[in-house]
Amino acid sequence: RSLGVIRDAINQVRQNGSTLDELRWLPEDDPATQAMVAKGQTMGCFYVESPATRLLQQRARQGDFEHMVIHSSIIRPAANEFIREYLRRLHGGEWEPIHPLVSGVLDETYGIMVYQEDVSRVAVQFGFSHADADRLRKIMSKKDKERQFKDYRERFFQAAAEGGVDEATTGRIWAMMMSFDGYSFCKPHSASYARVSFQAAYLKAHFPAEFMAAVISNQGGFYSTFAYVSEARRLGLAVLRPDANESDIHWQGSGRSLRVGLMAVVGLGNATAKRIMV
């Protein structure tokens, strides 16, 4: 559905006479898009429009692709404690690796496990084989994992003890791993999501009318149609009423105006709407 929003927005942009060369399109490097992302002004944008994600963007104040990849993965239900610590470190708070064994392993993410791969890499540093570390990563996304987790926890604590790690430190590391419970991304997944998020954000930054029309017409996203119409008004767009002579079936955006589509008229069937269009 989100890819449909991007497709339809681009089609409207072209129908309105503007050009957008997708082969040379680098939305991640666009200053206006980065500024909008950093402010959390991403209602309608794939995966980064929820209140929690927009609040994270506002607090992080980072609009670049690399941080968006981190945020796409760290915004998981069990990670609130580590999100707060991530933000503290991001804004200059002092921190040390949780243990010398993982020194350098998590530098990219400020010493916090963000991706599924981080679990595997840390487990290997603490004495797991690569195969066992990968099995641990996979178990985290399964519902029937309690029995297996108990076994892996015992093995992890034993391996850490044999490596000279105290139990308190091992417990903190294990707790960070448990923040992946049932919901986590690998880094390539997060990167591909962030790519689509930036495409949507670019369209919103530069072609807000066409973008909001596509969001509403595809009837998807985190919010209701009313909320998206309100967002369009906040963007300074004039919302034009449905018109038998001017409206299409879907919502249409052009310049600074958004025209309500016939699809929004209560009680108007699709067949009748098509006859009106003829």
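Structure's up top.
Keep in mind that what you see is a predicted model, and the values were worked out from it rather than measured.

The rules behind each value
Residues numbered from 1 in each chain as written. Predicted model: local features only at pLDDT ≥ 70, side-chain atom pairs only at ≥ 80, totals over all residues. Heavy atoms only, no water. Helix = DSSP H or I, 4+ residues; strand = E, 2+ residues; numbered from the N terminus. Buried < 20%, exposed > 50% of the residue type's maximum accessible area, 1.4 Å probe, protein only. Lys, Arg positive; Asp, Glu negative; His and termini not counted. Charge placed at Lys NZ, Arg CZ, Asp CG, Glu CD. Axes fitted to C-alpha atoms, helices over the stretch in contact; angles between N-to-C directions. Parallel < 35°, antiparallel > 145°, perpendicular 65-115°, else oblique. Contact = heavy atoms within 4.5 Å. Nonpolar A, V, L, I, M, F, W, Y, C, P; charged D, E, K, R; others polar. Pairing = 2+ DSSP bridges. Salt bridge = Lys/Arg side-chain N within 4 Å of Asp/Glu carboxyl O. Core = buried A, V, L, I, M, F, W, Y, C linked by side-chain atoms within 4.5 Å. Arc of directions from axis to C-beta. Expected span 1.5 Å × (residues − 1). Phe/Tyr/Trp six-rings, centres within 6.5 Å; stacked < 30°, edge-to-face > 60°. Lys NZ or Arg CZ within 6 Å of the ring centre and 35° of its normal.

1. What about the overall build of the protein?
So, point 1. Across its full length, the protein carries 13 helices and three strands.
So, point 2. Of all 278 residues assigned to the protein, the portion counted as buried reaches 47%.
So, point 3. Mean positive and mean negative side-chain charge positions of the protein (34 and 32 charges, respectively) differ by 6 Å.

2. Regarding the packing of helix 2 (residues 31-38) against helix 10 (residues 187-206)
So, point 1. Put simply, helix 2 and helix 10 touch, their axes get as near as 9 Å, and they point 105° apart. Judged on the interaxial angle alone, helix 10 and helix 2 are roughly perpendicular. Where helix 2 abuts helix 10, its residues Ala-32, Thr-33, Gln-34, Met-36 and Val-37 lie against Phe-198, Ala-201, Tyr-202, Lys-204, Ala-205 and His-206.
So, point 2. Tallied by class, residues from the contact of helix 2 with helix 10 come to seven nonpolar, three polar and one charged.

3. Quick word on the sheet that holds strand 1 (residues 238-240)
So, point 1. If you walk across this open sheet you meet the three strands as 1-3-2, and the pairing is mixed. Since the sheet does not close on itself, it has two edges, and those belong to strand 1 and strand 2 (252-254), each with one partner. With strand direction ignored, the average angle separating the axes of adjacent strands in the sheet is 20°.
So, point 2. Both strand 1 and strand 3 (residues 257-259) contribute to a ladder of three bridges, which runs parallel. In the strand pairing of strand 3, Val-239 is matched with Leu-258.
So, point 3. In this fold helix 11 (residues 208-217) packs onto strand 2 and strand 3, with an angle of close to 170° to the strand it touches most, strand 2.

4. Focus on the pattern of salt bridges
So, point 1. Throughout the structure, instances matching the rule amount to 15 salt bridges.
So, point 2. As a salt-bridge pair, Asp-134 and Lys-138 come within 3.4 Å of each other at their nearest N and O atoms. Of this pair, Asp-134 and Lys-138 both sit in helix 7 (residues 130-139), separated by four residues, roughly a single helical turn.
So, point 3. Of the residues examined, Asp-134 reaches a relative accessible area of 27% and is grouped as partly exposed.
So, point 4. Relative accessible area serves as the criterion here: at 43%, Lys-138 is assigned to the partly exposed category.
So, point 5. Linking Arg-234 and Glu-231 is a salt bridge whose minimum nitrogen-to-oxygen distance equals 3.0 Å.

5. Some words on the nonpolar core
So, point 1. Counting 78 residues, the largest nonpolar core has Met-113, Val-122, Leu-136, Met-177 and Leu-203 as its most contacted members.
So, point 2. Excluding anything up to four places from it in sequence, Met-177 contacts Met-113, Val-119, Val-122, Ala-123, Leu-136, Met-140 and Phe-156.

6. Here's the deal with the environment of Leu-55
So, point 1. Secondary-structure assignment places Leu-55 in helix 3 (residues 51-60).
So, point 2. Of the residues examined, Leu-55 reaches a relative accessible area of 36% and is grouped as partly exposed.
So, point 3. Here the alpha-carbon distance between Leu-55 and Ser-120, two residues 65 residues apart in the chain, equals 29 Å.

7. Quick notes on helix 7
So, point 1. Taken together, the buried positions of helix 7 are Asp-132, Ala-133, Leu-136, Arg-137 and Ile-139. For helix 7, the angular spread of the buried residues around the axis is 165°, confining them to a single face.

8. With respect to helix 10
So, point 1. Across its 20 residues, helix 10 extends 28 Å between first and last C-alpha, which sits within 8% of the 28 Å expected from 1.5 Å per residue.
So, point 2. Every buried residue of helix 10 is accounted for by Ser-190, Ala-194, Val-196, Ser-197, Phe-198, Gln-199, Ala-200, Ala-201, Tyr-202, Leu-203 and Lys-204.
So, point 3. Those residues of helix 10 that are buried are in contact with helix 1 (2-15), helix 2, helix 4 (65-74), helix 11 and helix 12 (225-234).

9. Here we look at the packing of aromatic side chains
So, point 1. In the structure shown here, the tally under the stated rule is 15 aromatic pairs.
So, point 2. Taking 5.6 Å as the distance between ring centres and 75° as the angle between the ring planes, the aromatic pair formed by Trp-25 and Tyr-202 counts as edge-to-face. Remark: Tyr-202 occurs in helix 10 and Trp-25 occurs in the loop between helix 1 and helix 2; sequence separation between them is 177 residues.
So, point 3. For Trp-25, a relative accessible area of 5% translates into the label buried.
So, point 4. The class of Tyr-202 is buried, set by a relative accessible area of 16%.
So, point 5. Each residue in the set Phe-126, Phe-128, Tyr-152, Phe-156, Phe-157 and Trp-174 is aromatic and connected to the rest through ring pairs, giving one cluster.
So, point 6. In this structure, Arg-155 packs its charged tip against the face of Phe-128, placed 5.7 Å from the ring centre.

Spatial relationships are all this shows, so hold off on functional conclusions.
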